[in-house]
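Chain residues, written in single-letter form:
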Amino acid sequence: MNKRTIAVLGATGSIGTQALDLVRRYPEQFEASCLVAHSSAEKLFSLVREFRPRVAALAVEPESLPEDVRFCEWIFGEDCAVRALEAAKPMDALCAIVGIAGLDAVWTALDVCERVLLANKEALVTGGRLVMEKAARLGRPMLPVDSEHSAIFQCLQARQGNPVRRLILTASGGALRTWPAEAIRTATVRDVLAHPTWRMGGKITVDCATMLNKGLEVIEAHHLFAMPPEKIDVVVHPQSVIHSMIEFEDGAVLAQMARPDMRGPIGYAMAYPSRLPYGAEPLDFAQLGKLTFEAPDTGRFPSLAMAYAALRTGGSAPVALNGANETAVAAFLREEIPFGRISEVIEETLNLCPVRGIAGIGDVHAADAQSRAIAEKIIRRRSC
Ligand code: NAD
Ligand code: MG
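Residues numbered from 1 in each chain as written. Chains lettered and ligands numbered in written order. Predicted model: local features only at pLDDT ≥ 70, side-chain atom pairs only at ≥ 80, totals over all residues. Heavy atoms only, no water.

The next point concerns the overall build of the protein chain. The secondary structure content of the protein chain amounts to 16 helices and 11 strands. Here the C-alpha atoms of the protein chain give a radius of gyration of 20 Å, agreeing with the 21 Å that 2.2 N^0.38 yields for 384 residues. Taking all 384 residues of the protein chain together, 56% fall into the buried category. As presented, the protein chain carries roughly 16300 Å² of accessible surface, and 52% of it is formed by carbon and sulfur atoms. Counting 41 positive and 45 negative side-chain charges, the protein chain places the averaged centre of each group 1 Å from the other. (Helix = DSSP H or I, 4+ residues; strand = E, 2+ residues; numbered from the N terminus. Rg over C-alpha atoms; globule rule 2.2 N^0.38 Å. Buried < 20%, exposed > 50% of the residue type's maximum accessible area, 1.4 Å probe, protein only. Areas by Shrake-Rupley, 256 points an atom, 1.4 Å probe, with all protein chains shown as cover. Lys, Arg positive; Asp, Glu negative; His and termini not counted. Charge placed at Lys NZ, Arg CZ, Asp CG, Glu CD.)

Right, dumping it as structure tokens:
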């Protein structure tokens, strides 16, 4: 069997390291030919020693390169992911950089690679229409890695040309699901990072706690599956066993279930249309006993409704939503604002940001920069 070469963008992160675990298990199927990370140099060096890529890259140049990692081509700088893809020309790009920082890499991956394996949801939230148009124009499959979108993608295999009435995204509800509103306001970084069912990077774990993550995923689903917002619903399902569902016009609902382990959706994208066993225990339904569902509480978690509103507004509104959120989450993680301020900063930024049309990637970056500047001002005004 011919090996597939794969670039792992965000190689030191939660998704990246789990993808590399699958490469480690299936060396006859995959070759990690390009590894990219932000600044965790020591971690990347040890991955380079193990996986021996052709190209490695760091956004922040380290003080020195150890002798034993110099065999590959090294690229440094903020645009390192783009340049690394152009140098390595892998068959597949696993786009697992966090935030809009990964958008340009997704854009380049569409030019350079045969397939894009997409974890970086912020790239679709901000550049979704442009990215999907380019993927269609160039005939590049966009394989979802986000567990909900992978679930929907898997369910859609049974569609056989039938129209889909509704997508139903499940949400764990995050670390604060059962907390009263007053306690949510002052939840600490430690409280918020204690996610009940998934182990993920810091930013997405905060997004789960505000439930904006589900809002970003609604926008992601809108672009990936060409569904209008009114046909995308969210239901809270704390056990994270049903990863999402599709409903047909006769009322039949298909659900995809598995233990919450990201190696499932990552492996499905990497080996599509094959499946990669990774040692997951079978689901034990008798032991699970019951699966529960509840409506999202938009009073305690207002961000989800803001994401629907931004999607309906269109233009630069989802870019501003994302830019304000990235800015506010970073401030929360630096303990500069209380948890409850995150959704307020998003709302105030959206109220102040003019909505503009998006004709190209340059417009996305301009709208992003503007929303960040406004969000920073809002944060500073309140904290002085
Ligand atoms: P993480 O913080 O654990 O890892 C992020 C990775 O991106 C790191 O390797 C970091 O070095 C790299 N990176 C960050 N900025 C960079 C830059 N400017 N240039 C180059 N590399 C950069 O994040 P994560 O949890 O792995 O999430 C990655 C993406 O996948 C996010 O968009 C997230 O929403 C999505 N996602 C994650 C999960 C999960 O289980 N972790 C699930 C679904 C979707
Ligand atoms: Mg998800």
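Two strands in a sheet stick together by hydrogen bonds in their backbones, pointing the same way (parallel) or opposite ways (antiparallel). Taken together, the 7 strands give an open sheet; going across it, the order is β4-β3-β2-β1-β5-β6-β7, and neighbouring strands pair in parallel fashion. Looking at which strands have only one partner, the edges of the open sheet turn out to be β4 (73-76) and β7 (142-144). Geometrically, the sheet is characterised by an average inter-axis angle of 20° between neighbouring strands, direction not taken into account. Examined bridge by bridge, strand β2 (residues 30-37) and strand β3 (residues 55-58) share 4 bridges and lie parallel to one another. Looking at β3, one finds that Cys34 is bridged to Val55. Strands β1 (4-9), β2, β5 (92-95), β6 (115-118) and β7 of the sheet are contacted by helix α11 (residues 263-271), whose axis makes an angle of about 175° with β6. (Pairing = 2+ DSSP bridges. Axes fitted to C-alpha atoms, helices over the stretch in contact; angles between N-to-C directions. Contact = heavy atoms within 4.5 Å.)

This part covers the sheet that holds strand β11 (residues 253-257). Reading across from one edge, β9-β8-β10-β11 is the order of the 4 strands in this open sheet, with mixed pairing throughout. Either end of the sheet is taken by a strand with one partner, and the two such strands are β9 (232-236) and β11. The average undirected angle you get between the axes of adjacent strands in this sheet is 20°. On top of the sheet, helix α6 (residues 147-156) reaches β8 (164-171), β10 (242-248) and β11; it is set at about 40° to β10, its chief contact.

In this section: the coordination of the magnesium ion (ligand 2). Of the protein atoms, only Asp146 (OD), Glu148 (OE) and Glu217 (OE) coordinate the magnesium ion (ligand 2), at distances of 2.1 to 2.2 Å. Spacing between the donor residues of the magnesium ion (ligand 2) along the chain follows D-x1-E-x68-E. Placement of the pair is Glu148 in helix α6 and Glu217 in helix α10 (residues 212-225), with a sequence separation of 69 residues. In terms of burial, Glu148 and Glu217 fall into one category: buried. (Donors = N, O, S within 2.8 Å, 3.2 Å for Na, K, Ca; no water.)

What follows deals with the pairing of β9. Buried residues dominate β9, accounting for 4 of its 5 residues. In this sheet, β9 lies alongside β8 in parallel orientation, the contact comprising 5 bridges. Residue pairing across strands places Thr170 opposite Val235, the latter belonging to β9.

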